[in-house]
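# Coordinate analysis (summary)
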Amino acid sequence: MSDTHQGGAVATSAPPSVDEGLSSAALAAKYGLSVSGARPGLFEYVRDLWSRRHFILAFSSAKLTAQYSQAKLGQVWQVATPLLNALVYYLIFGLILGAGRGMTKDVYIPFLVTGIFVFTFTQSSVMAGVRAISGNLGLVRALHFPRATLPISFSLQQLQQLLFSMIVLVAVAIAFGSYPSLRWLLLVPALFLQFVFNTGLAMIVARMGAKTPDLAQLMPFIMRTWMYASGVMFSISAMLADKPAWIADVLMYNPAAVYMDLIRYALIDGYGAENLPSHVWITALGWALVFGIGGFVYFWKAEERYGRG
């Protein structure tokens, strides 16, 4: 320290700091500081998610219960909404446009209802996922937790809703002559693979929606186009019989069509293996792995940016 006297005043200069010249990274290392909300390693992130599995299940169940809490019919709308959609599509596509060509009514009606329920599972997961971060910024900014719990919870919520709706779907199948058999056991792996696919896709759109909230306004148009291209209301192979074969192949191998066809095959007696594309189970597994693992890693890479800016 040095003193300088000038005109009776005393000026004091402090000695140079021992930290002078150190970079921010060096200072952080020296004092044991870390970035708030920094992204953990991938395996650490998975362990953190697993430790919160009870929260994920409770959060998804609470969201499902609250979804129709203001409606007088409550949870009945979980089943009524896709059934009403199926009725509308049957009137337009089944009766007026004859989209059930190549199928009897006893096959076409369960075919249509199954398609509506199963595609709604994917559609709802994506629509919830795109708002998973942008629609819960208060929670994201207030608490520290793995952000992947949000899109996973929303996908699990949609799975619970579908399982509740399966009671009606099974009743429709039986009413039109498809009775329980060993083939119904295929519903379990088919729904599991679709859930993994849906969750991965929800994580992808969650990251995109966090950066671009307007994506939520565009997504309904994307999902509607996907629905019409996936054979929800008609058999792709029958409807495109007079078109080049590659067009039908592209549509039949898209993931929404693959999972719908697997569940139709498992549930409907008159919907045989000839309606399925070749290597359909390998395709279903491939879509689930690519989107499930890829979507998870894609979402994790932006972990420290969610809720900022």
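Not measured: the values here are computed from a predicted model. (Residues numbered from 1 in each chain as written. Predicted model: local features only at pLDDT ≥ 70, side-chain atom pairs only at ≥ 80, totals over all residues. Heavy atoms only, no water.)

Helix and strand content of the protein: 13 helices and 2 strands. Residues counted as buried form 44% of the 309 residues belonging to the protein. At a minimum sequence separation of 6, the contacts of the protein that also span at least 24 residues come to 77%. (Helix = DSSP H or I, 4+ residues; strand = E, 2+ residues; numbered from the N terminus. Buried < 20%, exposed > 50% of the residue type's maximum accessible area, 1.4 Å probe, protein only. Contact = heavy atoms within 4.5 Å.)

Moving on, we come to the pattern of salt bridges. Counted by the stated rule, this structure contains 3 salt bridges. D48 is the partner of R52 in a salt bridge, and the nearest nitrogen-oxygen pair spans 2.1 Å. Note that D242 is salt-bridged to K243, the shortest N-O span being 3.5 Å. (Salt bridge = Lys/Arg side-chain N within 4 Å of Asp/Glu carboxyl O.)

Relative orientation of the contacting elements helix α5 (residues 105-130) and helix α12 (residues 255-267) amounts to 135 degrees, with a least axis distance of 9 Å. As the angle between them shows, α5 and α12 are arranged oblique. Of the two elements, α5 crosses α12, and the hand of that crossing is right-handed. Within the contact between the two elements, α5 uses F111, T114, G115, V118 and F119 and α12 uses A256, Y259, M260, I263, R264 and L267. (Axes fitted to C-alpha atoms, helices over the stretch in contact; angles between N-to-C directions. Parallel < 35°, antiparallel > 145°, perpendicular 65-115°, else oblique. Left-handed = near helix turned anticlockwise from the far one by under 90°.)

With that out of the way, let us pick up the side chain of T283. Residue position: T283 is located in helix α13 (residues 280-300). At 2.9 Å, the side chain of T283 forms a polar contact with the backbone oxygen of H279. When sequence neighbours within four positions are dropped, the list of residues in contact with T283 reads Y253, V258 and S278. (Polar contact = N/O pair within 3.5 Å; in protein donor to acceptor, adjacent residues only side chain to side chain.)

Within the secondary structure, G270 sits in the loop between α12 and α13. Owing to a relative accessible area of 47%, G270 belongs among the partly exposed residues under this scheme. Separated by 162 residues in sequence, G270 and Y108 have C-alpha atoms that sit 9.2 Å apart.

This part takes up the confidence of the model for the protein. Chain-level pLDDT for the protein is 84 on average; 83% of the residues reach the 70-or-more range. Predicted confidence in the protein is weakest over strand β1 (residues 2-6), with a mean pLDDT of 53, and strongest over α13, with 96. (pLDDT = per-residue confidence, 0-100.)

If you look at the biggest cluster of nonpolar residues, it comprises 86 residues, and the most contacted ones within it are Y108, F119, A148, L150, M219, M233 and F299. The biggest single contributor to this core is α5, with 15 residues. Apart from the residues within four sequence positions on either side, L150 is in contact with F59, A132, I133, N136, L139, V140 and F145. (Core = buried A, V, L, I, M, F, W, Y, C linked by side-chain atoms within 4.5 Å.)

Right, let's talk about unusual backbone geometry for a bit. Positioned with a positive phi, H279 is a non-glycine residue whose angle comes to about 55 degrees. Inspection of the secondary structure puts H279 in the loop between α12 and α13. Its relative accessible area of 61% is what places H279 among the exposed residues.

Let us now look at empty space enclosed by the protein. Per the counting criterion, the structure on display carries 2 cavities of 30 Å³ or more. In this structure, the largest cavity spans a volume of roughly 100 Å³. In this structure, the largest cavity is lined by 10 residues; those nearest its centre are F117, T120, Q161, L162 and S165. Each residue belonging to the lining of the largest cavity can be placed in one class, and the counts come to 4 nonpolar, 6 polar and no charged. Taken together, 13 residues form the lining of the second largest cavity, with S235, I236, D261, Y271 and N275 sitting closest to its centre. The set of elements that each furnish at least two residues to the lining of the second largest cavity consists of α10 (236-239) and α12. For the lining of the second largest cavity, the element with the highest residue contribution is α12, accounting for 3 residues. (1 Å grid on protein atoms, 1.4 Å probe; cavity = no way out; pocket = protein on both sides within 12 Å on 5 of 7 lines; lining within 4 Å. Points joined across faces, edges and corners; volume = space filled by probe spheres on them. Nonpolar A, V, L, I, M, F, W, Y, C, P; charged D, E, K, R; others polar.)

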